[in-house]
Amino acid sequence: MNNIENAILNYMRSDDILAYQLEGNWGTGKTFFIKKFISEMNDDKYIGIYFSVYGYDSLQDLKAGLVDPIISEASLEGKFIDYYKKHREQINTVNRVLGSTRLKSVSSILDIISNNISGQVMENTTNIIIFIDDLERLSSKIALEDLFGLISSELLERKRYKIVLISNSEKIASVSYKSIREKIVGRSLQFETDFNLVIDITQKSLSNCFIWRDNEWLIQIIKSYLFDDGRINLRTLQTILSNYKFLEKNIDFNGTNDIVQQKLDMCKSLFLNSLVVTNELKAGKLDSNNLSAISDLCNSRTFANINIKDFNNEDEKIPKSISSKIIETYHTTKIFNDYIFYSDTVNDYIVSGLFKESGQNYWENWYKFFNLTEYVVPELVGKLFQFDNLTENELKSIQEKIMVEVVDARFPSLEEFISVYFRLCQFNKIGLLLIETKGDWRESFVSTGALKKLALQEKEKLTNFNMRFPIYRDIDIQSEDYNWMQQEYENIESQYKNIKYEEAIEAIFNEKLTSEYSIILNNVGIDEVLKRIESENYIDKYILKVPSSASKLFLYLRRNYNFSRDENSVKSIINQIKSGKPSISDKISLYRINQLLSFLEGIDEE
């Protein structure tokens with residue numbers, strides 16, 4: 001039994017004629033606790049009734065609302081309820097006769113019922129304790145004095161009920177609250193959540209989830225990050241648990257079914273992500289409008305790009321980013337840092353309720369980071385943050401170890417790789433890049449093919465450098481360092497696009513023109529396609545041969561008829577085909593070639 005249960009039970013069994021008050025901040029679990037207390041009451045003399053004043057716009061409606069649970073709950077072996085059911089029509093008749101004054105007194109309605117029940121039943125009627133909740137949410141249309149008058153005169157004095165008021169007094173606006181409270185409240189107690197209640201809520205919600213296999217870790221995380229000196233917002237906790245439960249059920253744990261520890265580790269990552277983002281959302285720090293502000297946290301484990309704009313910046317007037325504040329608040333313990341992994345899939349669901357494609361990319365992205373054997377980069381980069389506490393040799397040693405990882409391309413993503421580069425650029429700007437190399441230190445990022453290897457692992461993301469890495473555009477580094485990496489990236493991007501472009505043109509002739517290739521060709525335009533066909537070996541390779549693929553090009557051009565065309569390229573293609581046409585004797589191939597020529601000549605004449 002905790003202190004709150006003890007105090008309420010003592011009040012119930014006392015001769016106290018005043019109300020008892022339970023104080024506590026919103027979300028701390030007062031209501032949850034009281035409802036649980038009522039459901040588990042095992043007292044032969046009392047029966048508990050819960051009632052909230054929230055939602056009533058008049059004292060008359062509030063009285064009516066209070067009568068219902070008393071009639072429904074306060075019965076001895078069903079006597080009140082049985083009577084109410086049997087005499088409902090009589091009670092309704094009384095109500096119609098009384099008209100607008102029918103509920104002038106709560107006790108009068110109860111008296112109508114109780115006076116018609118045998119004396120023997122009433123002598124044995126269980127005493128009633130009413131828990132009146134949400135005083136701070138009382139409608140402005142109802143005077144607090146009137147509510148307290150009702151409680152005092154009708155419930156405490158006339159019916160001799162026990163009353164427990166549940167409130168957050170800091171939110172009660174009435175200036176007369178303190179003075180009128182003293183007249184009806186005898187004792188009060190500050191509500192503090194028993195952590196056993198937190199454990200109970202968590203177990204009931206997640207006991208059937210996979211993560212419960214390590215419930216000790218789960219409870220420790222909740223205690224460390226949500227339970228503050230006896231205070232916890234249970235609404236937030238319940239939302240976190242609900243969000244996690246949905247995600248564990250719907251995320252595709254592809255490949256982990258036979259590896260229990262791996263699936264459990266992934267569940268821990270999922271829970272931590274849910275905890276952080278839900279907590280920030282409930283605190284009003286995150287919403288759908290600024291969710292993109294924490295995209296730099298996603299699909300990463302080094303978090304090296306976080307705070308990168310604040311590097312060596314001591315101006316306290318410049319606000320820190322949301323991501324920076326999250327790291328300072330949550331990334332503080334080993335049991336958190338060992339598993340944290342943020343995902344756009346998770347964040348979108350928590351903030352906006354969007355959940356696409358069963359989160360199929362979550363497992364793939366998570367696995368890249370947690371399957372690297374002895375991935376030391378996060379630890380090394382973390383030490384760079386504390387360079388003020390290092391000796392010159394220690395800083396040099398850390399930077400050299402990072403460069404070994406760079407040369408070996410031991411990174412789960414290009415984003416991680418690029419973030420480390422720009423972190424080193426910052427040290428270069430302030431003269432603390434201590435790496436000893438024969439040439440340009442930057443060459444280590446490309447000389448062994450590390451940059452290209454990582455970039456091509458994520459070919460679908462090879463887009464404009466500034467668009468892909470916008471966070472680095474305004475950081476305090478030497479412009480030549482930024483331009484160097486941008487140029488190297490764009491060289492790889494250009495090479496890859498050229499390869500895909502060639503594949504797309506080949507696809508025109510071999511009937512493998514997928515939607516991906518069609519998009520590539522549409523982006524470059526028909527003029528560029530014709531230039532490539534005219535200037536490279538496509539005419540000899542596909543058109544002036546047997547069997548000819550001229551009809552494939554004809555069909556493609558006809559579908560793209562509305563595009564502008566380069567007259568010079570069209571004329572050149574016509575001339576090349578006419579020049580090589582005499583060497584073709586196959587009639588079907590000649591038919592296809594003539595069909596294409598006729599179409600091209602029609603274009604040329606427009």
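Above this note sits the structure.
The rules behind these values
- Within every chain, residues take consecutive numbers counted from 1 along the sequence as written.
- Local features are withheld for residues below a pLDDT of 70 in this predicted model, meaning they are given only at 70 or higher, and side-chain atom pairs are given and counted only at 80 or more; totals for whole chains, interfaces and linings count all residues.
- Only hydrogens and water are removed before side-chain values are computed, so all heavy atoms of the structure are retained for them.
- Salt bridges are defined by distance alone: a side-chain nitrogen of Lys or Arg within 4 Å of a carboxyl oxygen of Asp or Glu.
- Only DSSP runs of H or I covering at least 4 residues are called helices, and only runs of E covering at least 2 are called strands; the numbering of each starts at the N terminus.
- Any residue under 20% of the maximum accessible area for its type is buried, any over 50% is exposed, and the rest in between are partly exposed; the area is computed with a 1.4 Å probe on protein chains only.
- The axes are straight lines fitted to the C-alpha atoms, using for helices just the contacting stretch, and the angles between their N-to-C directions are given from 0 to 180°.
- An angle below 35 degrees is read as roughly parallel, one above 145 as roughly antiparallel, one from 65 to 115 as roughly perpendicular, and any other as oblique.
- Helix crossings are classified by the rotation of the near helix relative to the far one: an anticlockwise turn of less than a right angle makes the crossing left-handed, while a clockwise turn makes it right-handed.
- Two residues form a contact once any of their heavy atoms are found within 4.5 Å.
- In this count, Pro and Cys sit with the nonpolar residues alongside Ala, Val, Leu, Ile, Met, Phe, Trp and Tyr, while Asp, Glu, Lys and Arg are called charged and the others, Gly among them, polar.
- Here, any two strands with at least 2 DSSP bridges between them count as paired.

Explain the pattern of salt bridges to me, and be specific about the residues and the numbers.
Within the structure shown, the criterion is met by 18 salt bridges. Here Asp16 makes a salt bridge to Arg187, at a shortest N to O gap of 3.1 Å. Pair noted here: Asp16 is in the loop between helix H1 (3-12) and strand E1 (19-23) and Arg187 is in strand E5 (residues 185-190), with a separation of 171 residues, a long-range link. Asp476 serves as the salt-bridge partner of Lys429, at 2.6 Å between the closest nitrogen and oxygen. Note that Lys429 is positioned in helix H20 (residues 414-429) and Asp476 in the loop between helix H22 (465-468) and helix H23 (479-510), a separation of 47 residues in sequence. We classify Lys429 as partly exposed; its relative accessible area is 36%. Through salt bridges with shared partners, a single network forms among Asp134, Glu136 and Arg137.

Give me the lowdown on the packing of helix H12 (residues 234-250) against helix H16 (residues 344-352), citing residues and values where you can.
It is the contact of H12 with H16, at a shortest axis distance of 11 Å, that shows an interaxial angle of 135°. Of the possible angle classes, the one that applies to H12 and H16 is oblique. Remark: the crossing between H12 and H16 carries right-handed chirality. On H16, the residues touching Asn243, Phe246 and Leu247 of H12 are Val346, Tyr349 and Ile350. Residue classes in the contact of H12 with H16 are distributed as five nonpolar, one polar and no charged.

Describe in detail the sheet that holds E1, supporting the description with residues and values.
Across the sheet, five strands lie side by side as E2-E3-E4-E1-E5; this open sheet has parallel pairing. What marks the edges here is a single partner per strand, and that holds for strand E2 (46-52) and E5. This sheet shows a mean twist of 20° between the axes of neighbouring strands, independent of strand direction. The strands touched by helix H8 (residues 144-158) are E1, strand E3 (127-133) and strand E4 (162-167); relative to E4, the strand with the most contacts, the crossing angle is about 160°. Lying on the sheet, helix H9 (residues 177-184) is in contact with E1, E4 and E5; it crosses E5 at an angle near 110°.

Account for the environment of Cys209, naming residues and giving values.
Mapped onto the secondary structure, Cys209 falls in the loop between helix H10 (195-206) and helix H11 (215-225). Cys209 gets classed as buried once you look at its relative accessible area, which sits at 11%. Considering only alpha carbons, one finds Cys209 and Glu248, 39 residues apart in sequence, at a separation of 7.5 Å. Among all residues touching Cys209, those that are not within four sequence positions of it are Tyr244, Lys245 and Glu248.

From the geometry alone we can't say anything about function, so treat these as descriptive.
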